[in-house]
Every structure is written in structure tokens, then in C-alpha cells.
Amino acid sequence: MNNPFTTEFRPPRRLRVFAFDPATARKFSNRDASIVTISIPYEMDPSEPNGDKLGPSGTYFEVIDYDPASGVFYKPIDLNDEQVWLNDGLAPSAENPKFHQQMVYAVAMNTVAVFEEALGRSVLWASSSKKVGKVWKEEFVQQLRIYPHALREANAFYNPAKKALLFGYFDAPANSSSAPAGTTIFTCLSHDIVVHETVHAILDGMHPRFAENCNPDMRALHEAFADIVALFQLFSFPEVLEDQIGKTRGDLERQSLLGELAQELGQAIGRGHALRDFLGGKNEDTGQWELKPPRRDALHTANGAHARGAVLVAAVFRAFLTIYKHRTADLFRIASNGTGILRTGEIDPDLKKRLAAEAAQCARRVLRICIRAMDYTPPVNVNFGDYLRAIITADHDLFPDDVNGYRAAFIEAFTAWGITPSDVSILSEKALLWPTLSEAEENRQSVPEANPAEVTTTMVQKKIGWMLSDPIGAFSDLSSSVASAQTKAQQEAFQGTLTTILNEQKHLHERMQGRMSDLADALPLATVKSAKTSASTQPSTNFLEIADTTDRVLEYHAANYYKRLLWLLISKDATPEFLDLIGIAHVNDPDNPMGTLRRSSITGLPSLHVHSVRIAKRHGQRSKLEREYVIELIQTRRGYFDPKQQEAEDARPPSAKDNSRPHDFKYRAGVTFLIDAQSFAIRRLIRSRHSIYSEAGLQAHRAHLTGEETRPNNAFYSGTNPGSDQAFTDLHRHSHSEDSFG
């Protein structure tokens, strides 16, 4: 294993890939922007010998080039081979399976790097679960597997059960306009498709519940977000930007490759154009491409994940275009003697470079805003209006002074496409911000008979800060038996939880000592002794602050450790006023009667799932480092399509044994709160629109599922099954011609 603290300089790995796909690269007009080179930082991709690997293998991915349809393993590429290393990888080639491996690996790694830069932490894959006795245990997933030739069909998808990206290939049909009929199309060679599927996997690691079919926007957000990242990642390649800006004369509202995704696949399946075109489309009467104007009623007629997702992507792209035009207006005025209209003929090469630089900067900021917003959403049951609030709040908290009007552009664009939060009466930046804790308390006290929570909230905040800064001391206090754990079975379950926490703590200490030893080995001799002394000292400090992007295992176990500690703290010390404030059913109230609310096997009281405790480190205004903790809590309730059955089940005596009772769907509610890493004050409170008790929220979920029975199956949905196991598999099947691959 490479020492992450080595002082030896290691150059990044550079690999060539198709900028779009082979069909686009074959066009003579695209020759200057057909191939790009991706640079992968050494620490993300240590240069270890391939050994017996079945393809490229690094910190995040393992490529396995097995073709089930042919029953063969393709010979793996050795990225450390001298000729490969010195030549920026193999030359792009649709005929060479080794290049296919290189392409998926490089593009997927680049996507991870984009996320880590925006989020300020490591990307962690969704953990795997297995049942040990009566208990489900989660395990860290080090590498996501990538299969470049997994399917012989026009499809590609992320498989959450296998923790793998599966790419298909197929023969071009007779009506293909991108490749001659009978030739082979490989989805793994589409830059957009590889990014799109990688984003599905990353988002599943952040928000596993986002794949649940709980409202019309939930899965559409998954699709749209993957498209947004794929779209704006193209803007990071200067050669592509300059080529397209030259062809559009700087007018990005004109038809270009920058507003399209999956050109080859869309044309190969007979659509005659890219699978996604967010700017416009062909007029059926004139046959000419036309800019698509925004429609405020677009979501009223958009059914299915892809159709609704396309509206969200169009809104984000419109915001980008507004920002780009604002930032480049002076360049057009200078180049046109004040008219803003360029002279006829080819655009000046210097102007082309300047416009490309501005477009790249705008796209980078827009992409980071969209990614960071995923830390500012409720953990479940999110809609597009929530995502707009997340975008505005995330950018506001990092850049309070919106000098260039980014947030105004987002608000205007989303409003133009009819995307507005239903719980905000005034569409202003201030109104769209998620509430601070004090604002939430003011809103709560406006409800009759609400008890003030200020004092108890301050107390709970202090205890959360104590838990984060001194976890070992906090555990010693919290490990005394939870008051409600009275039965023998509950006591045994509680002791099992304590044992798990102690094992996590031991694992963290061992991992940290190993890292300190690595650091000592990399330091000058004068400081080796003190470093090794530190390595042997049992630390009592904030594990999340110590964990960083060079050790994802440490980050994973630190997060799990804090999740369990936070559960202990809330179960023992959270007051009813604080729980009311954050929108959580009382986890320490023995008088709660609702029979469908999931119960804890330890306390027998309403169960609380601490979904995440993670840290974000970001550079904001004037390059100031901002650090905050992101905490997500989720509760679950059994749902039934028949309201009378729901009423009867709600009236059952509450019991943890009923958690496994048959039900039609799971209704969830939750809260995200953001905590300042210095003061430990809760900075933002982001609750799902409805609480777990809400009959309106339950009915909305029920109506969504039963209403969809009347619709044709779409890529995310085939009947009333709200689960997510098959979601990504079906998502991109070509059988739905207008609703196929994402």
C-alpha cells in the first residue's frame, strides 16, 4: 500500500478519452474537439502494479471486463506500462477493449474528483448490507465495480445491489443515423453516459432514499442531477469549449454539442438527434432546430422521471445562460464597437478564448452550486422546489455577497419553468433560504400552545458539540442504560449497540495509529520520534476532523461511530421541545400511541435512523475555509393504500415486532441540520415538508403511488412497488422510446 504522506513528487495520471462518443468524433467538423485528456491526481490513483487485476483498479473503482454474452474476459490494460503512461494512455479507439477500460476508468475518476472538490470531503459509496444472525450489518465498500461490456442491449445503469456500473453494447438498427446499420455501439464510450451513471452511484452513497418512489419529483431529481453533472462537466475541457464557441460565435443559445447529451445513442436508436437536448429541438413542421422557450406549465404535463427531470435540467441550463450572457456582455460590446453584434465571418480567436474562459468559469460555479445543494436538502421526500431552496441556501451560506447575480439567475430560471416551492409565498432570495434555528423556533411558537424551546435547544446543541469534539468522553456518559430499555431483549439489544460502538472506536484508533506511523516514516529524522509518540497515544479528539480525503476507510468508520453516538444522545437527552422543533416524533415518549410508526428494538419507542453525520470543508468568499457538519435524521411509518386499513393499523398497540408487518409502502419524513464546525451551533434546519405524523403527507404519498397505476410504466416505475432495487436497472431501457437511457 502506498504511503499517503510520502514527500516524493508523483505526477498525475493523464488519460485520453472521447470528448463525446465515437460517432461524434468521426465527424470531420468535430475533429478539433473529439478527444480530450483527463488528469487524475496521484493520491486518487496510486500507481500500484496491476498484478492479477481484471482491469484498471484504483482507490475508487475496479474495472472488470467480463462479457457475459460472449463468455469471455477481455485482456486488461496495464495503465502503469511505460508506453501507456508516457503517451497519456492508449489512443481512443472503438475497436480496442483495452481503451474501453481506460475510458470508463478515467471518466468515472474525473467525476469523483469534481464531487470531492465541490463537497469538501471524500466520495463514499453506499455501504453493503448483510444479515448476521438477526442483525443487519453494514460494510464499507472500497471500490465500485465497472463492467464495460456487461449487457448486450442499448442500456447502461448503476446496480446498487452489486455496487457496480453496467454498460451495454448493441448493433445499430436500420434506422440509425449515427452509425451504419449492423455496426456496434458501445455505451461505455459515451462520455455523457459514463458520467451520468457514476453520478447515480455517488448520489446513492449520499442519499440512498432518493431512489424511492415517494413523489413525482423524487426519482426525476436523480435523473436530472446526473444529467446536470454530465452536461456541465463538458465545460471543463478547453478544446471542446473553444470549438463550440467558435461554431456558435459565442451564442450558446444556438444549437451546439454543449446543450446535448448522448448524441450517438440517441441517433443510433432512431431518434435522429441526441437523447437529450435541453436548449431546443427540431420543429416538426419546418424541420429546423428551434430554441425551446420556457413554459411555466411544463411540469403539469410531464410524466415520468425523464420528462420531469428534463424540465429541471432546462431550468439550470437557462440560469447558466443568463449568467454567461451577463459576464460576457462587455466582451461583445468591446468586440463590436458598442453594438453587441459581432461582425460577420469567423469569430476572433482571442475573443473565442476569452469567451471560453468565461463559460468555463460560469459552468464550474453552477456545477459546484448544484452539487453542494445536495447537502442542503431534506433526507427524504424531496421535490424540485426543495432543490431550488437548497441551491439558494447553499450558495448564500458560502458566498453571502452575490456580486454576479448567480442566485437571482437561478430564481428567475426556475420560476420561468414553473419550479417554485409550494411552502414559500414570496419568491425572494431571503424567503427561499432554509430557516436558521432561531427562525424555525419563531415559526414554531406562532402555533398555539407551543412551548418555548430556546433553553432546551441550547442545551442539546451544547451536547451535540460535546459529542463531536470529545466523542470518547461523550460515549462514557451516554453508555449508561437508556431509561426506557427495560425488557431483557431490549437490554441485550442495547448492549449490542454499545459493543458495536466500542468496536468502531477501536477500529478508528488502530487506523489512526497506522496513519500516524505512515506520517512518521515520511517526516525528517528530527521529527520521527515525536510523531511516533503521538501515534502510540490514544487520541480523544474529533474523528471527523482527522479523517480526510486520503483515507476513505477512516472517514466511513468515523461517520458510523458518530451516527451511533448521536442516536444515543437523542434517545437519552433530546427534549420534546427540541424534537418538535426539528420535526421528529418523540423518541423518548412512552405515551406515543401510533401503531404504524417504526419502533426501536432497543427502547420500544419511535425509531430514529441517523442516516449521516459528515463534514464538509469548502472555500467560500475571499477563499475563507468554511467547515460544517451535515446531520440527517429519518423516521419511517407503514403505509397502506386503503385508508380504512391505515386507520386500523394506526390504532394497533405499538410494538417493535410490528416493524415487519405487511404493508403497501413506507412513508418517511426527516430533517437535515447543518452545524457550524467551530461554534457547534445549528446553522440551518431543513425539514421534509410533512412530519411522520402528517396525514396530508401520507395521503400525498398514497395518491402518488395509486395515481401512477393509471400511467404506462416508465423507466423508474412499473406498478405500485415503491422500492428501489430495480429502479436503476429499468431506468434506461430502450423499450420506452421517449423515456429511455438517461
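Residues numbered from 1 in each chain as written. Predicted model: local features only at pLDDT ≥ 70, side-chain atom pairs only at ≥ 80, totals over all residues. Heavy atoms only, no water.

Participant: Explain the overall build of the protein to me, please; I cannot follow it from the model alone.
Facilitator: A tally of regular secondary structure across the protein gives 24 helices and 19 strands. Among the 742 residues that make up the protein, the fraction classed as buried is 55%. Across the protein, every contact between residues at least 6 apart in sequence was considered, and the portion connecting residues at least 24 apart equals 68%. When the accessible surface of the protein is summed, it comes to about 30900 Å², and 51% of that surface belongs to carbon and sulfur atoms. (Helix = DSSP H or I, 4+ residues; strand = E, 2+ residues; numbered from the N terminus. Buried < 20%, exposed > 50% of the residue type's maximum accessible area, 1.4 Å probe, protein only. Contact = heavy atoms within 4.5 Å. Areas by Shrake-Rupley, 256 points an atom, 1.4 Å probe, with all protein chains shown as cover.)

Participant: Sorry, what's going on with the packing of aromatic side chains here?
Facilitator: Working definition: an aromatic ring pair is given by the centre-to-centre distance plus the angle between the planes. What the rule picks out here adds up to 16 aromatic pairs. Connected via pairs of aromatic rings, a cluster forms that spans Phe232, Phe235, Phe317, Phe320 and Tyr324. Between Arg31 and the ring centre of Phe28, over which it is positioned, the NZ or CZ distance is 4.0 Å. Arg365 extends its terminal NZ or CZ atom over the ring of Tyr406, reaching a point 4.3 Å from the ring centre. (Phe/Tyr/Trp six-rings, centres within 6.5 Å; stacked < 30°, edge-to-face > 60°. Lys NZ or Arg CZ within 6 Å of the ring centre and 35° of its normal.)

Participant: So what exactly am I meant to see when it comes to the sheet that holds strand 18 (residues 665-676) here?
Facilitator: Backbone hydrogen bonds are what pair the strands of a sheet, in a parallel or an antiparallel way. Spatially, 4 strands are ordered 16-17-18-19 in an open sheet, and the strand pairing comes out antiparallel. For this open sheet the edge positions go to strand 16 (609-619) and strand 19 (682-687), each flanked by a neighbour on one side alone. Strand-to-strand twist across the sheet, computed as the mean angle between neighbouring axes with direction ignored, equals 20°. Alignment of strand 17 (residues 625-639) against strand 18, held across 12 bridges, turns out to be antiparallel. In the sheet register, Thr636 faces strand 18, and the bridge partner there is Arg668. Across the sheet, helix 11 (residues 384-398) touches strand 16, strand 17 and strand 19, and the angle it forms with strand 19 is around 175°. (Pairing = 2+ DSSP bridges. Axes fitted to C-alpha atoms, helices over the stretch in contact; angles between N-to-C directions.)

Participant: Just checking my understanding: could you explain the packing of helix 3 (residues 97-119) against helix 5 (residues 218-233) for this structure?
Facilitator: Packing of helix 3 against helix 5 brings their axes to within 12 Å, and their N-to-C directions diverge by 100°. Classified by the angle between their axes, helix 3 and helix 5 sit roughly perpendicular to one another. The segment helix 3 lies against helix 5, with Val107, Asn110, Thr111, Val114 and Phe115 engaging Phe225, Val229 and Gln233. Split into classes, the residues belonging to the contact of helix 3 with helix 5 amount to 5 nonpolar, 3 polar and no charged. (Parallel < 35°, antiparallel > 145°, perpendicular 65-115°, else oblique. Nonpolar A, V, L, I, M, F, W, Y, C, P; charged D, E, K, R; others polar.)

Participant: Explain helix 5 to me, please; I cannot follow it from the model alone.
Facilitator: Because each turn of an α-helix spans 3.6 residues, side chains separated by three or four positions end up pointing in the same direction. Helix length check: helix 5 (16 residues) gives 23 Å between terminal C-alpha atoms against 22 Å at 1.5 Å per residue, within 8%. Of all 16 residues that make up helix 5, 16 are buried, and the element is covered over most of its length. (Expected span 1.5 Å × (residues − 1).)

Participant: How should the pairing of strand 2 (residues 35-40) be read in this particular structure?
Facilitator: Each regular strand displays side chains that alternate between the two surfaces of the sheet. Side chains Val36, Ile38 and Ile40 of strand 2 all project onto a buried face; the interleaved residues Ile35, Thr37 and Ser39 project onto a face where none is buried. Pairing of strand 1 (residues 13-18) with strand 2 involves 6 bridges; the strand directions are antiparallel. Each residue of the ladder has a partner; that of Phe18, found in strand 2, is Ile35.

Participant: Could you clarify how one ought to interpret unusual backbone geometry in this entry?
Facilitator: Residues other than glycine predominantly adopt negative phi, and peptide bonds predominantly adopt the trans conformation. Of note in the backbone geometry, Asp88 takes a positive phi value of approximately 55° without being a glycine. The phi torsion at Asn381 lies on the positive side, around 55°, for a residue other than glycine. Its location among the elements puts Asn381 in the loop between helix 10 (349-372) and helix 11. Assessed through its relative accessible area of 18%, Asn381 is described here as buried.

Participant: Teacher, can you tell me more about the nonpolar core here?
Facilitator: The nonpolar side chains of a soluble globular protein tend to be buried with one another. With 131 residues, the main nonpolar core has Phe61, Trp125, Phe232, Phe235, Phe320 and Phe410 as its most contacted residues. The element that contributes the greatest number of residues to this core is helix 9 (residues 305-335), accounting for 14 residues. Excluding residues within four positions of it along the chain, Phe410 makes contact with Val316, Ala319, Val366, Ile369, Cys370, Leu388, Ile391 and Ile392. The next biggest cluster of nonpolar side chains, apart from the first, holds 49 residues, and it includes Tyr561, Tyr562, Phe680 and Ile682. (Core = buried A, V, L, I, M, F, W, Y, C linked by side-chain atoms within 4.5 Å.)

As far as function goes, none of this settles anything; it's purely spatial.
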